[in-house]
Amino acid sequence: MLLGLPEFEMFFPRSVEETCALLAKHGQDAQMVAGGTDLFVKMKQRRLVPSVLINIKRISGLDQIRCDADGGLHIGPLTTIQAIRESALIAKHFPVLSEAAGVLGTEQVRNLGTIGGNLGNASPSAEFAPPLLILNASVRCLGRRGERVVPLDGFFVGPGKSALETDEVITDIQVPNPPDRAQLVYLKHSLRRMDVAMAAAAVFVLLDGDICRDVRIALGAVAPTVFRARGAEQTLIGKRLTGDSRESELLEEVAQVAVGEARPIDDIRGYASYRRKVVAMLVRHGLEHVIAQVRAQATERHANEA
Ligand SMILES: Cc1cc2nc3c(=O)[nH]c(=O)nc-3n(C[C@H](O)[C@H](O)[C@H](O)COP(=O)(O)OP(=O)(O)OC[C@H]3O[C@@H](n4cnc5c(N)ncnc54)[C@H](O)[C@@H]3O)c2cc1C
């Protein structure tokens, strides 16, 4: 049930350092807020009742999207989902992130919600977590003990729990440039388009001829945290993809290994048994899709070279 917001005192720090100091001072009584689309819902449901809110929206410079010299992407934590969705830079070089932004919530939520809040909330169904995991992304954070970079693989430690200390703020999301010729896709399954995922998968494949050189599979909403399905990845790495029935059997085997790695629960969005079926379908479909794209790209390259 949604009630009104409980009473709280709000601070509007102008810098990350000021934010860290306020977080350290108010400790467990405080919550940092960006767009508020996760936090205010929790407060209305009384799952969180902070007496102090530290609103970081007025800190300048944290909503930038840029590429560095080697093509790596930096996304400021206050970048809204809509800004990511509309970014030509992201659409061109990291389309899998545009795909995730395009299926997150409603227009109102996308206009308010931020990528920092999506990761900071550490939900098992956080939209950006699977694609950022297969991109080997990291978060830069600043706390009273200094700055550190935390790989996203290891950032999520439980439902709603991240590796952040209570006084740490995400200041940058760092995404390395994926290898040329790698193909990536993000697939989400939910009952209605605007709903949070019932299950999600992000898939990355890099082929060398017909040998699978690298594969990364991240699953969302089917375990206490978003995670890399490393067993499934190992089943495919180094294997020859022959485009025939053996390939089809292999991809089905990979999908079933991923199902075995998932730990879904029954909840209002779906039954665990149904989620397992969806995982198999998403992983298999994701692999087929990216492999077809790699092949189409190779055919085009050969045609251009001829
Ligand atoms: C109707 C509705 C539909 C939604 N649909 C989806 C969906 O389909 N997919 C999905 O993934 N989410 C969905 N959400 C959840 C939410 O909108 C997103 O997770 C959004 O990205 C949260 O961003 P925010 O800025 O609003 O976070 P906030 O609510 O402001 O913050 C969330 C948490 O992150 C922390 N935080 C914020 N910024 C930082 C930072 N810079 N450093 C460290 N911690 C930080 C806050 O302290 C808080 O604990 C939905 C929400 C609603 C209300």
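First, a word on what this report is: a plain description of the structure on this page.

Here the focus is the pairing of strand S3 (residues 52–55). The side chains of a regular strand alternate, first on one face of the sheet and then on the other. Neither face of S3 is open: one carries Val52 and Ile54, the other Leu53 and Asn55, and all of them are buried. Both strand S1 (residues 9–11) and S3 contribute to a ladder of three bridges, which runs parallel. Opposite methionine 10, over in S3, you have leucine 53 as the bridge partner. Sheet analysis places strand S2 (residues 30–33) next to S3, joined by four bridges and oriented parallel.

Turning our attention to the sheet that holds strand S10 (residues 169–175). Ordered in space as S4-S5-S10-S6-S7, the five strands form an open sheet in which the pairing is antiparallel. Where the open sheet ends on each side, the last strands, each with one partner, are strand S4 (65–67) and strand S7 (146–151). Geometrically, the sheet is characterised by an average inter-axis angle of 20° between neighbouring strands, direction not taken into account. In this structure, S4 lies alongside strand S5 (residues 73–75), joined through three bridges in antiparallel fashion.

We now examine the sheet that holds S1. Taken together, three strands build an open sheet; the order of strands is S1-S3-S2 and the sheet is parallel. Since the sheet does not close on itself, it has two edges, and those belong to S1 and S2, each with one partner. Strand after strand, the sheet turns through a mean of 25° between neighbouring axes, direction not considered. Seen against the sheet, helix H1 (residues 16–26) touches S1, S2 and S3 and runs at an angle of roughly 170° to S3.

A few words now on the nonpolar core. The tendency in soluble globular proteins is for nonpolar side chains to be buried as a group. Residues Leu97, Leu119, Phe128, Leu132 and Ile173 are the most contacted members of the largest nonpolar core, which totals 42 residues. Excluding its chain neighbours within four sequence positions, the residues that come into contact with phenylalanine 128 are Ile81, Ile84, Leu97, Ala100, Ala101, Leu104, Ile115, Asn118 and Leu119. Counting residues in each nonpolar core, the second largest holds 34 residues, with Val215, Ala223, Ala232 and Val259 among its members.

Our next topic: H1. Among the residues of H1, Val16, Thr19, Cys20, Leu22, Leu23 and His26 are the ones counted as buried. Projection of H1 onto a plane perpendicular to its axis shows the buried side chains occupying an angular sector of 165°, all on one side. In H1, those exposed residues whose orientation departs by more than 90 degrees from the buried face are Glu17 and Lys25. Along its buried surface, H1 packs onto S1, S2, S3, strand S6 (138–143) and S10. Positive backbone phi, at 50°, marks glycine 27, one or two positions downstream of H1.

Going through the model one piece at a time under the given rule, you end up with one aromatic pair. Here phenylalanine 155 and phenylalanine 156 contribute two aromatic rings whose centre-to-centre distance is 5.2 Å and whose plane-to-plane angle is 85°, an arrangement assigned as edge-to-face. Judged on exposure class, the residue phenylalanine 155 and its partner phenylalanine 156 are both buried. Directly above the aromatic system of phenylalanine 12 lies the positively charged group of arginine 58, at a separation of 3.8 Å from the ring centroid. Directly above the aromatic system of phenylalanine 204 lies the positively charged group of arginine 216, at a separation of 3.9 Å from the ring centroid.

Criteria and cut-off values
- Residues numbered from 1 in each chain as written.
- Predicted model: local features only at pLDDT ≥ 70, side-chain atom pairs only at ≥ 80, totals over all residues.
- Heavy atoms only, no water.
- Buried < 20%, exposed > 50% of the residue type's maximum accessible area, 1.4 Å probe, protein only.
- Helix = DSSP H or I, 4+ residues; strand = E, 2+ residues; numbered from the N terminus.
- Pairing = 2+ DSSP bridges.
- Axes fitted to C-alpha atoms, helices over the stretch in contact; angles between N-to-C directions.
- Contact = heavy atoms within 4.5 Å.
- Core = buried A, V, L, I, M, F, W, Y, C linked by side-chain atoms within 4.5 Å.
- Arc of directions from axis to C-beta.
- Phe/Tyr/Trp six-rings, centres within 6.5 Å; stacked < 30°, edge-to-face > 60°.
- Lys NZ or Arg CZ within 6 Å of the ring centre and 35° of its normal.

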